[in-house]
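Here is what each chain is made of, one letter per residue.
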Amino acid sequence: MLTEIRGLNEECGVFGIWGHTDSAQLSYYGLHALQHRGQEGAGIVVTDGTKLHPVKGEGLVNDVFNEEKLRAATGHAAIAHVRYPTAGGSGIENVQPLLFRSSTGSLAIAHNGNLVNANHLKQHLERSGSIFNSTSDTEVVIHLIKKSSYSPFREKVKNALSLLKGAFSLMILTKDMMVVARDRNGLRPLALGKLGDAYVVASETCAFDLIGAEYVRDVEPGEILFITNNGIEVDSFAPADKRAMCAMEYVYFARPDSNIDGVNVHMARKRMGRELAREVAGIEADVVTGVPDSSLSSAIGFAEESGIPYELGLIKNRYVGRTFIQPTQELRERGVKMKLSPVVQVVKGKRVVMVDDSIVRGTTSRRIVRMLKEAGAAEVHVMITSPPMTNPCFYGIDTSTSEQLIASSHSIEQIRDAIGADTLTFLTVDGMVRATARPFDDEEGGLCMACFTGKYPTEIFPDTVLPHEKDC
Ligand code: SF4
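Report on the accompanying structure. Here the structure is a predicted model, which is why all the values come from computation and not from measurement. (Residues numbered from 1 in each chain as written. Predicted model: local features only at pLDDT ≥ 70, side-chain atom pairs only at ≥ 80, totals over all residues. Heavy atoms only, no water.)

1. A closer look at the packing of aromatic side chains
In this structure the tally under the stated criterion is six aromatic pairs. A centroid spacing of 4.8 Å and a plane angle of 65 degrees characterise the contact between Tyr-252 and Phe-253, whose relative ring orientation is edge-to-face. A relative accessible area of 0% means that Tyr-252 is categorised as buried. Judged by relative accessible area, which is 1%, Phe-253 ranks as buried. In this structure, Lys-122 is placed above the aromatic ring of Phe-132, and the distance from its NZ or CZ to the ring centre is 5.2 Å. The positively charged end of Lys-194 is found above the aromatic ring belonging to Tyr-199, 4.4 Å away from the centroid. (Phe/Tyr/Trp six-rings, centres within 6.5 Å; stacked < 30°, edge-to-face > 60°. Buried < 20%, exposed > 50% of the residue type's maximum accessible area, 1.4 Å probe, protein only. Lys NZ or Arg CZ within 6 Å of the ring centre and 35° of its normal.)

The following block contains the structure:
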């Protein structure tokens, strides 16, 4: 997975736990499991029933927390967040959970996703006197809660969330309650689990596995959970809309050992590889290899279906550190070389099928193809396990603007030529839907496929801000 150099930035990850004396330590482990969803910053806010205690910082989970900081954060409940790298808006003040202290009650909030009407709501709030500190959607949510005329607090939160459009899987922590909610389209994943008597919530189920928690169910679109010492209360803040789980979670973002809405990501990726192999039936090649890590599962599926042997033709160097902070072209180029290496003995003289998950700008694919050819590959056939990405994402994935998406302005043949491949094939929309094994059609919904089809599951406002222009 080469998020940081291909222009397809990941989103964020959220984790929460209620009813465990080791809430900070367990959140730390939960964030470890979600680290792939964001590497720029991490934070945990803990409640001990009387006050909220934040621990956060910039960098990877291991950089931010240490034993001393976690030991100081005592309490029976916590919410936590990992943040993805953005073009702007860096800095500790943007690292979530955001904590708002107030005489009427402090609260912390952690959010994954992007609201499409945040600017619209913000203008409305500013006209009625609100002052904003950041460009963050999350702050809009807080102002809406504080300004709501509803009562009590639960109704305020429901009222605020009912005004939001777009993607959000969010958690709010007060000193005596944890609120969990998922947007009415279910665009971003969010699952509920249990660890003994404690409730656990996470963007991906892999966080449950790491702490030994048991998966209970996914949080439903439009659903809101209020978790207190008295247990869990299930409610809804808005009727569920057309379900639109982000298809790219299955293709690329989520960890293969996670299950999203009941579908295992590794198995979905294998089926993507199988579907692709069926769609290019008859291709002649000697070896199938996947671009690590996100395309290894699909490469295995492709090999199984096509009968062409699977091999490790590309190796990822896992210990190169954060090379994505290098901004120049030359340094980025070196970053790719540091991150990936071809296995010459596997590819030399071979007709190689190279399976990858997506093409955004095309620059990464071109470098990998060139790397394989320099290692002696006789032919490189690039197989992409998603359809051409022609439209930007407004829901929390930084796919850049349309102009930066090579497929928005180039034919498949032109892209093949640009990346230097011998052939180039993209999975069809139908193949991808079959692979995710989820019910889907334009009327009923099921998946968001907007970056491939241009059919957005929500209204898009003229002033919708793209994720890369602001926070998570
Ligand atoms: S537009 Fe694409 S990346 Fe964004 S939510 Fe939809 S499927 Fe996911």
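More follows now that the structure is in view.
2. Quick look at the side chain of His-36
Position of His-36 among the secondary structure elements: in the loop between helix H2 (23–33) and strand E2 (41–47). Assessed through its relative accessible area of 15%, His-36 is described here as buried. A polar contact of 3.3 Å, which involves the side chain of His-36, links it to the backbone oxygen of Ala-33. (Helix = DSSP H or I, 4+ residues; strand = E, 2+ residues; numbered from the N terminus. Polar contact = N/O pair within 3.5 Å; in protein donor to acceptor, adjacent residues only side chain to side chain.)

3. What about the site of the ligand?
Near the ligand the following residues occur: Cys-246, Ala-247, Met-248, Cys-393, Tyr-395, Ile-397, Cys-448, Ala-450 and Cys-451. Taking a 2 Å distance to the grid points as the criterion, the majority of the atoms of the ligand fall inside the largest cavity. Of all the elements in the fold, those that place two or more residues in the shell around the ligand are helix H9 (247–253) and helix H17 (450–453). Class assignment of the residues belonging to the shell around the ligand gives a composition of nine nonpolar, no polar and no charged. (Near = heavy atom within 4 Å. 1 Å grid on protein atoms, 1.4 Å probe; cavity = no way out; pocket = protein on both sides within 12 Å on 5 of 7 lines; lining within 4 Å. Sits in = over half its atoms within 2 Å of the grid points. Nonpolar A, V, L, I, M, F, W, Y, C, P; charged D, E, K, R; others polar.)

4. Description of the nonpolar core
Core analysis: the biggest nonpolar cluster contains 48 residues, and Met-248, Tyr-250, Val-288, Phe-302 and Tyr-395 have the highest contact counts within it. Elements supplying a minimum of two residues to this core: strand E14 (243–246), H9, helix H10 (265–279), helix H11 (296–306), strand E20 (351–356), helix H16 (429–436), strand E23 (445–448) and H17. Here the element with the most residues in this core is H9; it accounts for six residues. Phe-302 has contacts with Gly-273, Arg-274, Leu-276, Ala-277, Val-280, Ile-283, Val-288, Ile-308, Val-353, Val-355 and Met-383, leaving out every residue within four places of it along the chain. In terms of nonpolar packing, the next biggest core, distinct from the first, is built from 30 residues, Phe-15, Val-61, Val-64 and Ala-202 among them. (Core = buried A, V, L, I, M, F, W, Y, C linked by side-chain atoms within 4.5 Å. Contact = heavy atoms within 4.5 Å.)

5. Examining the sheet that holds strand E10 (residues 198–202)
Across the sheet, which stays open at both edges, the seven strands sit in the order E3-E2-E4-E1-E10-E9-E11 with antiparallel pairing between neighbours. The open sheet is flanked by strand E3 (52–58) and strand E11 (214–218), the only strands paired with a single partner. Within the sheet, the average angular offset between the axes of one strand and its neighbour, ignoring direction, is 15 degrees. Against the sheet, H2 contacts strand E1 (13–18), E2, strand E4 (77–83) and strand E9 (191–195), and its axis sits at roughly 155 degrees relative to E2. (Pairing = 2+ DSSP bridges. Axes fitted to C-alpha atoms, helices over the stretch in contact; angles between N-to-C directions.)

6. Brief notes about helix H5 (residues 118–127)
For H5, every residue scored as buried is listed here: Ala-118, Leu-121, Lys-122 and Leu-125. When H5 is viewed along its axis, its buried side chains cluster within an angular range of 100 degrees and face the same direction. Residues of H5 that are buried sit in contact with helix H6 (137–147). One or two positions beyond H5, positive phi appears at Gly-129, with a value near 105 degrees. (Arc of directions from axis to C-beta.)

7. Remarks on the pairing of E3
As paired strands, E2 and E3 are joined by seven bridges and run antiparallel to one another. Bridged to Gly-41 within E3 is Glu-58.

8. Overview of the environment of Asp-422
Mapped onto the fold, Asp-422 is located in the loop between helix H15 (412–419) and strand E22 (423–426). The sequence separation of Asp-422 and Val-382 amounts to 40 residues, and the corresponding C-alpha distance is 7.7 Å. Of note is the side chain of Asp-422, whose polar atom sits 2.9 Å from the side chain of Lys-373.

9. Comments concerning the pattern of salt bridges
Under the defined criterion, the tally for this structure stands at 28 salt bridges. A salt bridge links Glu-413 to Arg-416; its shortest N-O distance comes to 2.8 Å. In this pair, Glu-413 and Arg-416 are both assigned in helix H15, three residues apart and thus about one turn of the helix distant. Each of Lys-270, Arg-274, Glu-275, Arg-278, Glu-304, Glu-305 and Arg-434 takes part in one network of salt bridges that share partners. (Salt bridge = Lys/Arg side-chain N within 4 Å of Asp/Glu carboxyl O.)

10. Some thoughts on the sheet that holds strand E6 (residues 107–112)
A sheet is described by the order of its strands in space; here six strands give the open sequence E5-E6-E7-E8-E12-E13, paired in antiparallel fashion. Sheet topology places strand E5 (98–100) and strand E13 (231–236) at the edges, where each strand pairs with a single neighbour. Direction aside, neighbouring strands of the sheet carry axes that sit 15 degrees apart on average. Pairing geometry for E6 and strand E7 (residues 169–173), over five bridges, is antiparallel.

11. Structural notes on the packing of H10 against H11
Two elements in contact, H10 and H11, have axes whose closest approach is 6 Å; the angle formed by their N-to-C orientations is 45 degrees. When the axes of H10 and H11 are compared, the pair comes out oblique. H10 and H11 meet at a crossing whose hand is right-handed. Across the interface between the two elements, His-266, Arg-269, Lys-270, Gly-273, Arg-274, Leu-276, Ala-277 and Arg-278 from H10 touch Ser-297, Ser-298, Ile-300, Gly-301, Phe-302, Glu-304, Glu-305 and Ser-306 from H11. Partitioning the contact of H10 with H11 into residue classes produces four nonpolar, six polar and six charged. (Parallel < 35°, antiparallel > 145°, perpendicular 65-115°, else oblique. Left-handed = near helix turned anticlockwise from the far one by under 90°.)

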